[in-house]
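Spelled out, the chains give:
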Amino acid sequence: MTLTTLDDRSALVVIDLQQGVAAMSTMPHAAGDVIERSAALADAFRAHGLPVVRVRVSFAPDFADATPGRTEAAARGAAGMPDGWDRLVDERPGDVVVTKHNWSAFYGTDLDLQLRRRGITQIVLTGIATSIGVESTARAAYEHGYHVTLAVDAMADAQEEAHRNSVERIFPRLGETGTAAEIAELLAKTRG
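Residues numbered from 1 in each chain as written. Predicted model: local features only at pLDDT ≥ 70, side-chain atom pairs only at ≥ 80, totals over all residues. Heavy atoms only, no water.

**Q** Can you break down the packing of helix α2 (residues 31-47) against helix α6 (residues 180-191) residue by residue, with the values?
**A** One way to put it is that α2 packs onto α6 with a least axis distance of 10 Å and a crossing angle of 5 degrees. With respect to their mutual orientation, α2 and α6 come out roughly parallel. On α6, the residues touching R37, L41, A44 and F45 of α2 are A180, I183, A184 and L187. Here the contact of α2 with α6 is composed, by residue class, of 7 nonpolar, no polar and 1 charged. (Axes fitted to C-alpha atoms, helices over the stretch in contact; angles between N-to-C directions. Helix = DSSP H or I, 4+ residues; strand = E, 2+ residues; numbered from the N terminus. Parallel < 35°, antiparallel > 145°, perpendicular 65-115°, else oblique. Contact = heavy atoms within 4.5 Å. Nonpolar A, V, L, I, M, F, W, Y, C, P; charged D, E, K, R; others polar.)

**Q** Hey, could you go over the sheet that holds strand β2 (residues 52-57) for me, with residue numbers and the actual values?
**A** If you trace the 6 strands from one edge of the open sheet to the other, you get β3-β2-β1-β4-β5-β6, paired in parallel fashion. The open sheet has two free edges, formed respectively by β3 (96-100) and β6 (176-178), since each of these has just one partner strand. Here the strands of the sheet are splayed against their neighbours by 25 degrees on average, with no regard to which way each runs. Sheet topology note: the β2/β3 ladder contains 5 bridges and is parallel. (Pairing = 2+ DSSP bridges.)

**Q** Tell me about the pairing of strand β4 (residues 122-128), and name the residues and values.
**A** Burial runs high along β4: 7 of the 7 residues are buried. Along β4, one buried face is formed by Q122, V124, T126 and I128 and the opposite face, lined by I123, L125 and G127, is buried too. Pairing between strand β1 (residues 10-15) and β4: 6 bridges, direction parallel. Looking at β4, one finds that I15 is bridged to G127. Relative to strand β5 (residues 147-156), β4 runs parallel, the two being bridged by 6 bridges. Bridged to Q122 within β5 is H147. Crossover handedness for the path β4 to helix α4 (residues 130-143) to β5: right-handed. (Buried < 20%, exposed > 50% of the residue type's maximum accessible area, 1.4 Å probe, protein only. Right-handed = clockwise from strand over helix to strand, strands pointing away.)

**Q** Describe in detail the packing of α4 against helix α5 (residues 160-174), supporting the description with residues and values.
**A** Two elements in contact, α4 and α5, have axes whose closest approach is 10 Å; the angle formed by their N-to-C orientations is 5 degrees. One way to sum up the angle between α4 and α5 is to call them roughly parallel. Where α4 approaches α5, its residues T130, S131, V134, E135, A138, R139 and Y142 are matched on the opposing element by A162, H163, S166, V167, I170, F171, R173 and L174. Here the contact of α4 with α5 is built from residues that sort into 8 nonpolar, 4 polar and 3 charged.

**Q** Explain the pairing of β5 residue by residue, including any values.
**A** Counting buried positions along β5 gives 9 out of 10 residues, so the element sits mostly inside the fold. Alignment of β5 against β6, held across 3 bridges, turns out to be parallel. Directly across from A151, in β6, lies its bridge partner G178. One crossover worth recording links β5 to the parallel β6 by way of α5, and it is right-handed.

**Q** Break down the packing of aromatic side chains for me, with residues and values.
**A** Inspection of every chain in the model, using the stated rule, returns 2 aromatic pairs. Residues F106 and Y146 carry aromatic rings whose centres are separated by 5.9 Å and whose planes lie at 35 degrees to one another, so their mutual orientation is tilted. With F106 in the loop between β3 and α3 (111-117) and Y146 in the loop between α4 and β5, the pair connects residues that are 40 residues apart, well separated along the chain. (Phe/Tyr/Trp six-rings, centres within 6.5 Å; stacked < 30°, edge-to-face > 60°.)

**Q** Go over the environment of P51, please, and point to the residues and values.
**A** Relative to the helices and strands, P51 resides in the loop between α2 and β2. By relative accessible area, which is 12% here, P51 ends up buried. Residues P51 and P28 lie 23 residues apart in sequence; the distance between their C-alpha atoms is 28 Å. In this structure P51 touches R9, S10, A11, L12, F45, R118 and I120, once residues within four positions along its chain are discounted.

**Q** Which residues make up the nonpolar core, and what values do they have?
**A** Counting residues in each nonpolar core, the largest one holds 27 residues, and the members touching the most others are V53, L115, I123, L125, L150 and F171. Of all the secondary structure elements, the ones that give two or more residues to this core are β1, β2, β3, α3, β4, α4, β5 and α5. If we skip the residues at most four places from it in the chain, F171 touches T130, V134, E135, A138, L150, V152, M155, S166 and T177. Judged by nonpolar contacts, the second largest core, of 24 residues, contains V14, F45, L50 and I183. (Core = buried A, V, L, I, M, F, W, Y, C linked by side-chain atoms within 4.5 Å.)

Below is the structure:
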């Protein structure tokens, strides 16, 4: 773990912790543990007056706003999503909510605008799935010039090898990694 510092203007960005995603079987951390650690970090950020951004993935009932293109993975239709699947877990008043229609929370959303208007220079990421929404958002944050910190025990994936690949090979090239507890401790030291 290489966690060194948190900027004075940091934000927590929580990826896809919503009813349908949280119901998935995840590895190496259970979705409930990811939610619990993300909630603890969110409380720490709020206590220091720093923004918490909740990102959810959602689509129109006919999926007309879903990413087009052919893939080998089976496409889901609107009939495959139960009511409330996109409802956020642990959302609190005052949280910024961003709705995305792609893997990255930056593409086609106002996330960058929301962060820049608040003077944010660094983001801390948590969520599900590590190799999809979290990694895509981390890549875009890095490309947008943000410092990136990844709470590796507050994220999980459907496949442990996909999670491990992101944590071990990709994330060290995009930012710094640490546990949720280490990030909260560093936040308390730098803001205290």
